[in-house]
Amino acid sequence: MTPPTAKSPEERLRDKLEAFPPEFQALVLAYRAAPAPAALAEIVLSMIRFHGGENFTAKFAEKGEQVLLIEDLGFDSLTLVEISFQAEEFVGFVIQVEDFAALATLADLQAFLRGKIFPSAAA
Amino acid sequence: MAPRSRVAVTGLGFITSIGNDAATVEASLRALRPGIAAFDFADAGGTVAVKVAGTIKEFETGSPHWSRWTYPARYKFAPAALRSLPPHGLFALCAMEQALADARLSPALVADEETALFCSSAGSPFLLRHYLEALHAAPDLRGSPMGVVSSIAGTLNFNLGTHYRIRGGNCGFVSACASSSHALGYAFDEIASGRFTRVIVVGAEEPNTDALIPFMSMKALSTCADPAVASRPFDVRRDGFVGSGGAAVLVVEAAAAAAARGAPPYAELLGWGQSADGFNIAMPQPEGEGLARALRRTLRACGLAPGDVGYVNAHATSTPQGDRAEALALREVFTRAGAQPLVSSTKGLTGHPLSMAGAMEAAFCALALRGGFVPGNAALVEPDPACAGLDLPRATLDRAPGIVLSNSSGFGGSNVVLAFAPWSP
C-alpha cells in the first residue's frame, strides 16, 4: 500500500483551523505572519473558550483568568492533549502533557506560553 | 429462585428518517409518510448508482468537526459532550434526552448502580477515514487524540456512558443488523433475572457515504432512483435496501420500578429468542430455517402459540434473498400452524438503518401497542409469490395489534425475535 503524501505545515494548519470560527482563523493567520504577545494571549483565550463553551462563559465571568482548566471547565486528559496539539499548530510551541500538571488555570497557561515564546515580554 | 421481574418499556427516543420525536414518528407510521429522499453521494467520487437514502432532517453533520454541526435548538450540549462524538453519537444524545424525559428518569436514577447502558453501532467509517487520512498525512503519524474514541464501534458506549454517568453496566453488541435487537434481548434477561433494574438500549448509525456506499459493492443497495418505491419490502420488484441511520433509544425496566415512579409503560417486553444460520457471511439461509428457529424459540420462551400473535414487524429490508427467506420462515411457523398474523416491514418507510434497525422497530412496536395501530407495508404493490398466505396490509390499520413480534437478522446468519404485549398492570 502506498502511504499518502505527507501534508505541508501550511496544509496541516488549514485543516486544523477548519474546526474553528472564521475570526479565530484570521487571528491565527495574523499571528503567524507577525507574532506578538497580545495576539498570543487572544489566541489562547479563544482556544479555551472554544473548548469550554457556555460553561467557560459562566466561569470566566466569575473568575476571569483564574478559571481552573480541569475543575471548573471539566477538561480531561484527551482535551488537554488536543489543546497541546492545537497550540503547536497555531502558535508553534509544544506543550508537553506533563507541563499541564503545573498549569491549573488559564492564567497559568497564558503565562507559560508567553514566557516560552516571548521570554523578554514575560511578566 | 426469585420470581422473574416483568419488563416494561417506559421511554422512547427517536432521530429517524420518518421523524425526530415519538409523536412525529407515530404520525408518519399511521399516514405511511416515508423518510426516504434523494441523496447526494458525490463525496464518494465518480458516478454512484445509488441515488436515495433514509435521510435525517434538522441536522447537518457533514463536517468531521463537531463545532460545525448544527442540530435543533431544543437541545443544548456543551463542547465536552460533543468533541469525542461521531455524527451518529449526536443523534444518540438527542434520542437519549427524549427517552429519559419520556420515562421520567432523573439524572440520579440514570446514574444509580442499577442502570445499565447497552449500545449498538458500527462506529463511524466517516470519522475513521478522516482521522486516518490526517494521521497518515502528518510527518510523525500523529493524529487527533479524539480519533479512536469518536470513531470505533464502542463510541456510543464511551461517550454516552460518560455523559450520563452510567454505573450499572456499559456494554456493546455487534451482530450487524441484529445488533440492537440482541441488546434488547439481553437487556430483558438482565432485568428479568434481577441483575439490573433498568437498561437503556441505544441503536444508532449515520447515513452518509462512508457508512452506506460499501454496501453497494455487495450489490445490497437499491439502485432505484424513485424515493417512493426504492425500498419496497416483499414486493416482486424489490432490488436491494435503502440505507439509513439516526438513533433509537428505549428505556426498559423492571415493571415495579416503573410503577414506583409513576412512569406509564408503552408495552411489556415478554421475552425473546435467537438463532444462527451457520450458512453464509451475508446471505440468509434461503428457506429461512434460522429465523424460523428463532421465532419458535421466542414463542416457546414466552409461552405463546402461533395463533396468539397479532402482528409481526418484519426485518424485511427489500433485498431479494432476505425478504424471501423471512417470508418462508413466517409461513413455516405461522401459516403451517393455521395462524395468520398481520405482517409488515416499516423499512418501506424508513430505509434500513443497519445495526439500529432492531431498536428502532422495537420502539415502533411499542408505539403501535400504546397507540392501537398496525403499520402498513408502504410501497408494496405486488407481493413476491414467496409471501403466499401471509397477511400483508398495505395501509396502516387502526386496530390494536395484540401480541407483537419484531424480527431482526444480520450478516453471518444472526436472527433475533423480540416479543411484546400490550401493557396491563
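Residue positions are given per chain, counting from 1 as you read along its sequence in written order. Chains and ligands are labelled sequentially in the order written, the chains with letters from A and the ligands with numbers from 1. Where totals are concerned, whole chains, interfaces and linings use all residues; where local detail is concerned, this predicted model gives features only for residues with pLDDT of at least 70, and gives and counts side-chain atom pairs only at 80 or more.

1. Overview of the overall build of chain A
Logical step 1: A run of DSSP states H or I qualifies as a helix once it reaches four residues; a run of E qualifies as a strand once it reaches two. Both are numbered from the N-terminal end. The secondary structure content of chain A amounts to five helices and zero strands.
Logical step 2: Going from the N terminus to the C terminus, chain A shows its helices and strands as α-α-α-α-α.
Logical step 3: A compact globule built from 123 residues would reach a C-alpha radius of gyration of about 14 Å, and chain A, at 15 Å, matches this within 12%.
Logical step 4: Principal axes of the C-alpha set define a box for chain A whose edges measure 50 × 35 × 30 Å.
Logical step 5: A residue is called partly exposed when the number of other C-beta atoms within 10 Å of its own lies between 12 and 20, exposed at 12 or fewer, and buried at 20 or more, with C-beta atoms placed from the backbone. Buried residues in chain A amount to 22% of all 123 residues.
Logical step 6: When contacts within chain A are restricted to residue pairs at least 6 apart in sequence, long-range pairs at least 24 apart make up 49% of them. In this description the radius of gyration comes from C-alpha coordinates, and the expected globular size is given by 2.2 Å times residues to the power 0.38. Placing a C-beta atom from the backbone of each residue, one calls two residues in contact when those atoms lie within 7 Å.

2. A few points about the overall build of chain B
Logical step 1: Helix and strand content of chain B: 14 helices and 12 strands.
Logical step 2: For 425 residues, the compact-globule formula gives about 22 Å, and the C-alpha radius of gyration of chain B, at 20 Å, lands near that figure.
Logical step 3: Expressed as lengths along the three principal axes of its C-alpha atoms, the size of chain B is roughly 65 × 55 × 40 Å.
Logical step 4: Counting the 425 residues in chain B, one finds 59% classified as buried.

3. Quick look at the interface of chain A and chain B
Logical step 1: Taken residue by residue, the interface counts 18 residues in chain A and 17 residues in chain B.
Logical step 2: Secondary-structure elements contributing two or more residues to the side of chain A that touches chain B are α1 (9–17), α3 (37–63) and α4 (77–91) of chain A.
Logical step 3: Of the residues belonging to the side of chain A that touches chain B, the class tally is six nonpolar, six polar and six charged. For this classification, the nonpolar set comprises Ala, Val, Leu, Ile, Met, Phe, Trp, Tyr, Cys and Pro, the charged set comprises Asp, Glu, Lys and Arg, and every other residue, Gly included, is treated as polar.

4. Comments concerning the sheet that holds strand β5 (residues 169–172) of chain B
All names here are of chain B.
Logical step 1: Strand order across the open sheet formed by 10 strands is β5-β4-β6-β7-β1-β8-β12-β11-β9-β10, with mixed pairing between neighbours. Only two strands of the sheet have a single partner each, and these edge strands are β5 and β10 (342–344). Pairwise comparison of adjacent strand axes, ignoring direction, gives a mean angle of 25° for this sheet.
Logical step 2: Sheet analysis places strand β6 (residues 198–205) next to strand β7 (residues 246–254), joined by eight bridges and oriented antiparallel. What sits directly across from arginine 198, in β7, is glutamate 253. If DSSP finds at least two bridges between two strands, the strands pair. Here an angle of 0 to 180 degrees is reported between the N-to-C directions of two axes, which are lines fitted to C-alpha atoms, with helices fitted over the stretch in contact.

5. Notes on the nonpolar core
Residue and element names in this part refer to chain B.
Logical step 1: Counting residues in hydrophobic clusters, the biggest one holds 132 residues, and the most contacted among them are Val201, Val202, Leu250 and Val252.
Logical step 2: A per-element tally of this core places helix α14 (residues 357–371) first, with 11 residues.
Logical step 3: Not counting chain neighbours up to four residues away, the residues in contact with valine 201 comprise Phe118, Ser180, Ala183, Leu184, Ala187, Val249, Leu250, Val252 and Ala359. Defined on buried residues, the nonpolar core groups Ala, Val, Leu, Ile, Met, Phe, Trp, Tyr and Cys residues joined through C-beta atoms within 7 Å.

6. Some remarks on the packing of helix α2 (residues 22–33) of chain A against α3 of chain A
Residue and element names in this part refer to chain A.
Logical step 1: Interaxial distance between α2 and α3 falls to 10 Å at its minimum, and their mutual angle equals 145°. Considering only the axes of α2 and α3, their crossing is left-handed. Taken together, the residues of α3 that come into contact with α2 (itself represented by Phe24, Leu27, Val28, Ala30 and Tyr31) are Ala39, Leu40, Glu42, Ile43 and Ser46.
Logical step 2: Residues that form the contact of α2 with α3 fall into these classes: eight nonpolar, one polar and one charged. Left-handed describes a crossing whose near helix is turned anticlockwise from the far helix by less than a right angle; the clockwise case is right-handed.

7. A closer look at the confidence of the model for chain B
Logical step 1: Looking at chain B, pLDDT values average 97 and 99% of them are 70 or higher.
Logical step 2: Prediction confidence for the complex, expressed as pTM and ipTM, is 0.95 and 0.86 respectively. A residue's pLDDT is simply how confident the predictor is in it, with values from 0 to 100.

8. Details of the environment of glycine 310 of chain B
All names here are of chain B.
Logical step 1: You can see glycine 310 is positioned in strand β9 (residues 309–313).
Logical step 2: When the 19 C-beta atoms within 10 Å are taken as the criterion, glycine 310 is described as partly exposed.
Logical step 3: Each C-alpha atom of the pair glycine 310 and phenylalanine 411 lies 28 Å from the other, and the pair is 101 residues apart in sequence.
Logical step 4: Apart from residues no more than four positions distant in its own chain, glycine 310 is found in contact with Pro341, Leu342, Pro401, Gly402, Ile403 and Val404.

9. A word on helix α1 (residues 22–31) of chain B
Residues and elements named next belong to chain B.
Logical step 1: Within α1, the full set of buried residues consists of Ala22, Val25, Glu26, Ser28 and Leu29. The buried residues of α1 all sit within an arc of 160° when viewed along its axis, so they share a single face.
Logical step 2: Buried-residue contacts for α1 involve β1 (7–15), α3 (87–102), α13 (347–350) and α14.
Logical step 3: Count one or two residues on from α1 and you reach leucine 32, which has phi positive near 50°. It is the directions from the helix axis to the C-beta atoms whose arc is reported.

10. Here's the deal with helix α11 (residues 289–302) of chain B
Residues and elements named next belong to chain B.
Logical step 1: For a helix, the expected span equals 1.5 Å multiplied by the residue count minus one. With 14 residues, α11 extends 20 Å between its outermost C-alpha atoms, agreeing within 8% with the 20 Å of an ideal straight helix rising 1.5 Å per residue.
Logical step 2: Elements in contact with the buried residues of α11: β8 (267–276), α12 (320–333), β11 (403–410) and β12 (414–422).
Logical step 3: After α11 finishes, the residue glycine 303 shows a positive phi value of roughly 70°.

11. A few points about unusual backbone geometry
Negative phi is the rule for most residues except glycine; trans is the rule for most peptide bonds.
Residues and elements named next belong to chain B.
Logical step 1: Residue arginine 165 is not a glycine yet carries a positive backbone phi of 55°.
Logical step 2: Note that arginine 165 resides in the loop between α7 (155–163) and β5.
Logical step 3: Positioned with a positive phi, leucine 354 is a non-glycine residue whose angle comes to about 60°.
Logical step 4: Note that leucine 354 resides in the loop between α13 and α14.
Logical step 5: Under the C-beta neighbour-count criterion, leucine 354 is labelled buried, with 28 such atoms within 10 Å.

12. Points about the pairing of β9 of chain B
When a strand is regular, its side chains alternate between the sheet's two faces.
All names here are of chain B.
Logical step 1: With four of five residues buried, β9 lies mostly within the body of the structure.
Logical step 2: Sheet topology places β9 next to β11; four bridges connect them, and they run parallel. Within the sheet, the bridge partner assigned to tyrosine 311 lies in β11 and is valine 404.
Logical step 3: Pairing analysis gives three bridges linking β9 to β10, with the strands arranged parallel. Bridged to tyrosine 311 within β10 is leucine 342.
Logical step 4: Here the term right-handed applies to a crossover when the path leading from its first strand over the helix to its second strand runs clockwise, the strands being oriented away from the viewer. Each parallel crossover has a hand, and for β9 linked through α12 to β10 it is right-handed.

13. A word on the packing of α1 of chain B against α14 of chain B
All names here are of chain B.
Logical step 1: The N-to-C vectors of α1 and α14 enclose an angle of 80°; their axes lie 10 Å apart at closest approach. On the basis of the axis angle, α1 is roughly perpendicular to α14. When α1 is examined against α14, the residues Ala22, Val25, Glu26 and Leu29 are found in contact with a partner set consisting of Phe364, Leu367 and Gly371.
Logical step 2: Among the residues forming the contact of α1 with α14, the class breakdown is five nonpolar, one polar and one charged. Any angle that is under 35 degrees is reported as roughly parallel, and any over 145 degrees as roughly antiparallel; angles of 65 to 115 degrees are reported as roughly perpendicular and all others as oblique.

14. Focus on the environment of tyrosine 311 of chain B
All names here are of chain B.
Logical step 1: Topologically, tyrosine 311 is positioned in strand β9.
Logical step 2: Take tyrosine 311: there are 27 C-beta atoms within 10 Å of it, and that puts it in the buried class.
Logical step 3: Sequence separation of tyrosine 311 and proline 401 is 90 residues, and the distance between their C-alpha atoms is 5.7 Å.
Logical step 4: Leave out the neighbours within four places in its chain, and tyrosine 311 touches Pro341, Leu342, Val374, Pro401, Gly402 and Val404.

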